[in-house]
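Here are the chains, one letter per residue:
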Amino acid sequence: MTRVIATHLHPDHVGLAGWLCAKWNAPLWMTLGEYMSAQAARNDFVESDEIRAAHLARNGVPADRISLFHRHKGGYAKGVAPLPPAFKRLIHAHPVTIGGHRWDVIVGRGHAPEHASLWCPELNVMIAGDQVLPKISTNVGVWPNEPEADALTWFLDGFSRFRRLPANALVLPSHGFPFVGLHTRLDQLVAHHDARLNDMTTAIARRGAEGATGWDMVPVLFPRHLDNNQIVFAFGETLAHLHCLESRARVKRVVVAGVHRFVALVDPANEPPADDPSPEVMDVGAV
Ligand SMILES: [Zn+2]
């Protein structure tokens, strides 16, 4: 083994990277954002209980539900072996050579800080990581350590980088089976999020001038029962949709007694209907 390349910091992707590097004396290649975020998470620098509680309260989570979002200290480090103290940086659009072939690094945001996908024009293959998945939609969330993140906008804007690839490229995702049909899948995901954004605008408009908090909107995006782990991701995803609506000027944020409420700026009856070809894809599974 000559090196270990990790797409992003999530434990199901980087968990054994440090172990592999140590066993094979191999260097670790990651983007700066992912490597540093992983190191910060291993050391519990990312999110304090106070920061999380303030973020949740600001977004309407009732005081007696805040404990649902509790995170065990050291939880990330339990699932992620120590990373090497030095790494080599992957940079967007800077090619790397693997197995004698040129692979271009494509950075995507919204799911993780600086997620790296790899594209090889010669082989017509993309290693997508979590950025484009065939069945479920990638989790896109707003987290307490970056409460103003416009994660869904960033995620969808990043699709332009994948649309430059040939439609017949073979995509190797990190969850689910390899597939051909990248552009179709991107179209489905855009339509899916548009439909969810419309659902949310309608629900917010029904509340009139009072508007809705992030917590109010969770059942609109996720009508089924959510367990304690799922609620964390569902809440982050709900805020990502609200922030996207805000940046598209479809809702505005008003702060009432320290709580952020979102009020509709458009009449959803006048919005073009979004057709959602894949209603099953909204899931909180892909982390
Ligand atoms: Zn992930």
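As the structure is a prediction and not an experimental result, all values here were calculated from the model. Numbering of residues starts from 1 in each chain and follows the order in which that chain's sequence is written. Local features in a predicted model are, by the rule used here, given only for residues with pLDDT of at least 70; side-chain atom pairs are given and counted only at 80 or more, and totals for whole chains, interfaces and linings are based on all residues.

Draft legend 1. Structural context of the overall build of the protein chain. Within the protein chain, the secondary structure is distributed over 10 helices and 11 strands. The C-alpha atoms of the protein chain give 20 Å as radius of gyration, which agrees with the globular expectation for 287 residues (19 Å, within 12%). In terms of its C-alpha atoms, the protein chain occupies a principal-axis envelope of roughly 60 × 45 × 30 Å. Within the protein chain, counting contacts between residues at least 6 apart in sequence, those at least 24 apart form 67% of the total. The secondary structure listing takes helices from DSSP runs of H or I that are at least 4 residues long and strands from runs of E that are at least 2 residues long, numbered from the N terminus. The globule rule used here is 2.2 Å times the number of residues to the 0.38 power, and the radius of gyration it is set against is calculated over C-alpha atoms. By definition, residues are in contact whenever their C-beta atoms, placed on the basis of the backbone, come within 7 Å of each other.

Draft legend 2. Region of the structure containing helix 9 (residues 214-221). Three exposure classes are used, based on other C-beta atoms lying within 10 Å of a residue's own C-beta, which is placed from the backbone: buried for 20 or more, exposed for 12 or fewer, and partly exposed in between. Turning to helix 9, its buried residues are Gly214, Met217 and Leu221. All buried residues of helix 9 project into a common sector of 60° when viewed along the axis, lining one side. On its buried side, helix 9 packs onto helix 8 (182-206) and helix 10 (228-247). Of all possible arcs, the one meant is that of the directions from the helix axis to the C-beta atoms.

Draft legend 3. Expanded view of the pairing of strand 5 (residues 101-108). Pairing between strands is defined by DSSP: at least two bridges between the two strands are required. In the sheet, strand 4 (residues 96-98) pairs with strand 5 via three bridges, with the strands oriented antiparallel. Bridging from a neighbouring strand, Ile98 pairs with His101 of strand 5. In textbook terms, the turn of a hairpin is the stretch between consecutive antiparallel strands, and for strand 4 and strand 5 this stretch comprises two residues, one of which, Gly99, has a positive phi near 60°. Two elements, strand 5 and strand 6 (residues 115-120), share five bridges in a ladder whose sense is antiparallel. Within the sheet, the bridge partner assigned to Ile106 lies in strand 6 and is Ser117. Remark: six residues form the turn of the hairpin made by strand 5 and strand 6, two consecutive strands paired antiparallel; Gly110 in that turn has positive phi of roughly 105°.

Draft legend 4. Representation of the nonpolar core within the structure. Counting residues in each nonpolar core, the largest one holds 34 residues, and the members touching the most others are Ala17, Leu28, Met30, Ala38 and Met126. At the level of secondary structure, the elements contributing two or more residues to this core comprise helix 2 (17-24), strand 2 (28-31), helix 3 (32-42), strand 5, strand 6 and strand 7 (125-129). With residues near it in sequence (within four places) discarded, Ala17 still touches Val4, Ala6, Leu28 and Leu83. By definition, a nonpolar core groups buried Ala, Val, Leu, Ile, Met, Phe, Trp, Tyr and Cys residues that connect through C-beta atoms lying within 7 Å of each other. Listed in part, the 25 residues of the second largest apolar core include Phe155, Ala205, Leu221 and Leu242.

Draft legend 5. Layout of unusual backbone geometry. One non-glycine residue with positive phi stands out, namely Ala249, at about 60°. In this fold, Ala249 is placed in the loop between helix 10 and strand 10 (251-256). A positive phi angle is found at Ala257, which is not glycine, with a value near 50°. Locating Ala257 in the fold gives a position in the loop between strand 10 and strand 11 (259-264).

Draft legend 6. Local environment of the sheet that holds strand 2. The strand order across the open sheet formed by three strands is 1-2-3, and the pairing between neighbours is parallel. This sheet does not close on itself; its edge strands, each paired only once, are strand 1 (4-5) and strand 3 (88-90). Of the pairings in the sheet, the one linking strand 1 to strand 2 comprises two bridges and is parallel in character. Looking across to strand 2, one finds that Val4 is bridged to Leu28. Axis lines are fitted to C-alpha atoms, over the contacting stretch for helices. Their N-to-C directions set the angle, which ranges from 0 to 180 degrees. Strands strand 2 and strand 3 of the sheet are contacted by helix 3, whose axis makes an angle of about 105° with strand 2.

Draft legend 7. Spotlight on helix 8. Working rule for helices: expected span equals 1.5 Å times residues minus one. Taking 1.5 Å of rise per residue, 25 residues should cover 36 Å, and helix 8 covers 36 Å from first to last C-alpha, within 8% of that figure. Within helix 8 the residues assigned to the buried category are Leu182, Arg185, Leu189, His192, His193, Arg196, Leu197, Met200, Thr201, Ile204 and Ala205. Looking one or two residues beyond helix 8, the residue adopting positive phi is Gly208, at roughly 60°.

Draft legend 8. Quick look at the environment of Ile98. Here Ile98 lies in strand 4. Measuring from C-alpha to C-alpha, the distance between Ile98 and Thr2 comes to 9.8 Å, with 96 residues separating the pair along the chain.

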